[in-house]
Amino acid sequence: MKKVVIALAAIFSLWGNLTATGQEVGEQFSIVTLNVDGLPQKILMVKVNTDGPGDSGTARIGKYLLKKGYDLLMLQEDFNYHDVLTVMLEDDYKMDEWTGDVDVVGHTIDYLHLQNHRFECDGLMGCWKNDLTVAPAARTPWQQNFGKFSHALDEMVTKGFRRYEVTLRGGDRIVVYNMHMDASDSRDVADESDAKDKEARVGQWTQLREDVLKHLDSRPIILVGDMNSLYSRDDVKSVFIDAINESGRGTVADVWMELNKQGEETYDKILYINPTLGAKIQPVAFSLDKEGYEIEGKPLGDHYPVAATFKVVEKDTGVKDVRMTKEDRREGIHFYDLKGQEVSQPKTGIYIERQGEKADKRVMK
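Computed from a predicted structure; not experimentally measured. (Residues numbered from 1 in each chain as written. Predicted model: local features only at pLDDT ≥ 70, side-chain atom pairs only at ≥ 80, totals over all residues. Heavy atoms only, no water.)

Caption draft 1: Representation of the pairing of strand 12 (residues 250-254). The buried count for strand 12 comes to four of five residues, which makes it a mostly enclosed element. With five bridges joining them, strand 12 and strand 13 (residues 268-275) adopt antiparallel strand pairing. Of the residues in strand 13, the one forming a bridge with G250 is P275. (Buried < 20%, exposed > 50% of the residue type's maximum accessible area, 1.4 Å probe, protein only. Helix = DSSP H or I, 4+ residues; strand = E, 2+ residues; numbered from the N terminus. Pairing = 2+ DSSP bridges.)

Caption draft 2: Structural detail: the packing of aromatic side chains. As enumerated under the stated definition, the model contains seven aromatic pairs in all. The interplanar angle of 15° and the centroid separation of 5.7 Å between the aromatic rings of F29 and F310 together place this pair among those described as stacked. Residue F29 is found in strand 1 (residues 28-35), and its partner F310 is found in strand 17 (residues 306-314); the two are separated by 281 residues along the sequence. Residue F310 is classed as buried on the basis of its relative accessible area, which comes to 0%. Plain terms: the ring middles of Y64 and Y293 are 5.0 Å apart, the flat faces sit at 65° to each other, and that makes the pair edge-to-face. Highlighted residues: Y64 in helix 2 (residues 54-68) and Y293 in the loop between strand 14 (280-288) and strand 15 (294-295), separated in sequence by 229 residues. (Phe/Tyr/Trp six-rings, centres within 6.5 Å; stacked < 30°, edge-to-face > 60°.)

Caption draft 3: Structural detail: the packing of helix 5 (residues 195-215) against helix 6 (residues 236-246). Across the interface, helix 5 lies against helix 6 with an axial gap of 9 Å and an inter-helix angle of 10°. Between helix 5 and helix 6, the interaxial angle falls into the category roughly parallel. Residues V202, W205, T206, L208, R209, V212 and L213 of helix 5 pack against V236, V239, F240, A243 and I244 of helix 6. Of the residues that constitute the contact of helix 5 with helix 6, the class distribution is ten nonpolar, one polar and one charged. (Axes fitted to C-alpha atoms, helices over the stretch in contact; angles between N-to-C directions. Parallel < 35°, antiparallel > 145°, perpendicular 65-115°, else oblique. Contact = heavy atoms within 4.5 Å. Nonpolar A, V, L, I, M, F, W, Y, C, P; charged D, E, K, R; others polar.)

Caption draft 4: A look at helix 6. Buried within helix 6 we find V236, V239, F240, I241 and I244. Projection of helix 6 onto a plane perpendicular to its axis shows the buried side chains occupying an angular sector of 150°, all on one side. Close packing links the buried residues of helix 6 with helix 5, strand 11 (221-226), strand 12 and strand 13. In the segment just after helix 6, G248 is the residue with positive phi, at about 80°. (Arc of directions from axis to C-beta.)

Caption draft 5: Unusual backbone geometry, seen in detail. One non-glycine residue, D37, lies in positive phi territory at about 55°. With respect to the helices and strands, the residue D37 is situated in the loop between strand 1 and strand 2 (42-43). Overall, D37 belongs to the buried group, its relative accessible area being 1%. Despite not being glycine, E77 has its phi angle at roughly 60°, a positive value. Inspection of the secondary structure assignment puts E77 in the loop between strand 4 (72-76) and helix 3 (82-86). A relative accessible area of 10% places E77 in the buried class.

Caption draft 6: Expanded view of the pattern of salt bridges. Tallied over the full model, the rule gives 16 salt bridges. Sharing partners across several salt bridges, the network here consists of D96, D122, R139 and R162. (Salt bridge = Lys/Arg side-chain N within 4 Å of Asp/Glu carboxyl O.)

Caption draft 7: Examining the nonpolar core more closely. Counting 25 residues, the largest nonpolar core has I31, L72, I174, V176, I222 and F310 as the members making the most contacts within it. At four residues, strand 17 tops the list of elements feeding residues into this core. Every residue in contact with I174, bar those within four places of it in the chain, is listed here: F29, L72, Y164, E165, V166, L168, R219, P220, I222 and I281. By size, the runner-up hydrophobic cluster in this structure holds 22 residues, among which are Y177, I221, I241 and I244. (Core = buried A, V, L, I, M, F, W, Y, C linked by side-chain atoms within 4.5 Å.)

Caption draft 8: How the structure looks around the side chain of D78. Relative to the helices and strands, D78 resides in the loop between strand 4 and helix 3. With no salt bridge to any partner, buried D78 finds its closest opposite charge in R162, at an N-O distance of 7.9 Å. The contact partners of D78, leaving out residues within four places of it in the chain, are V36, L85, W98, G100, G123 and M125. (Lys, Arg positive; Asp, Glu negative; His and termini not counted.)

Caption draft 9: Molecular detail of the sheet that holds strand 5 (residues 93-95). Judged by pairing direction, the sheet is mixed, and its six strands sit side by side in the order 5-6-4-1-17-14 without closing on themselves. Whereas interior strands pair on both sides, the edge strands pair on one side only; in this sheet they are strand 5 and strand 14. Each strand of the sheet is rotated relative to its neighbour by a mean of 20°, with strand direction disregarded. Here strand 1 runs beside strand 17; their pairing, made up of six bridges, is antiparallel.

Caption draft 10: Geometry of a negative patch on the surface. Together, D83, E90, D91 and D92 make up a negatively charged patch on the protein surface. As for its position among the elements, D91 is in the loop between helix 3 and strand 5. By relative accessible area, which is 68% here, D91 ends up exposed. (Patch = residues over 30% accessible without salt bridge, like charges linked within 9 Å, V, L, I, M, F, W, Y side chains within 5 Å. Areas by Shrake-Rupley, 256 points an atom, 1.4 Å probe, with all protein chains shown as cover. Charge placed at Lys NZ, Arg CZ, Asp CG, Glu CD.)

Caption draft 11: Molecular detail of the pairing of strand 4. Most of strand 4 sits out of view: five of its five residues are buried. Neither face of strand 4 is exposed, since L72, M74 and Q76 on one face and L73 and L75 on the opposite face are all buried. Bridge count for strand 1 against strand 4 is five bridges, and the pairing is parallel. Among the inter-strand pairings, L34 is bridged to a residue of strand 4, identified as L75.

In structure tokens:
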């Protein structure tokens, strides 16, 4: 074991020297999260979004996104005006699968049992610059929702999250989550009848946490979306942030809190997770971007865009192949991968070393 410890010390020393240089030359990339407010103004003759942007406003949103030129666009409520929104982006961006609109046309609806109907669309849309490489997104619906004909109608669509595996221009790899969580109507908040909405969001943060921990490896993670959550009313800190930090596998931060805490908190958030062992990113800019997104002093949709720029400050380290020895076995040492699964014979990768009841010791292999 002494040889392993000495070798690890040398590796970490080299890693530290490389990191200091990487902070100066790491590549940068930008990301924006935006609820485009794409619900129709009527469903079954019922007014649901009369102040939404409609066709003309959505066209202006598309022009705004094209002009800004963010590397990654993570959108929510991309429902009934999808073609109008994306037509101007098609030359510069590749796009994820659109899951459909919210309308009676083209949908089979049991009008006698409307309480059971749900539109099988999540409204989520990811777009990325042509020179980025993105693996197909994993689409996951929330396990818990609340509100069918009230409480923001959250059960009318299949809200959830999508997970993207992104390779940046310089070859650095990150993971991006885009999501839309349950909302609370202002009326429900005012009369304090939003307990079920809060409960649904806690369930969604819990589900998100478990998915993150399931997939967490050596790649940084960015989580964005219309999370409908405020730290003053939703237990994001203990359910999500503290739980992941306490796992020892990664560190969670909120870009708004890090760079702009004196400003107003928004429902739309940009969080990021740096894995304990692996690459690291750092936010260098944050904005609640109103420029070009207003008409008569009001936002084109419900929310203003929230954007951030990140830089890579540590590369994913080259890993060494250190085999488990007979001495390790005699000392009762066990190795676990970063998903918490015990590995009987670790090969190339990153593992957690545990000996009896001792605290975890993170090592590179």
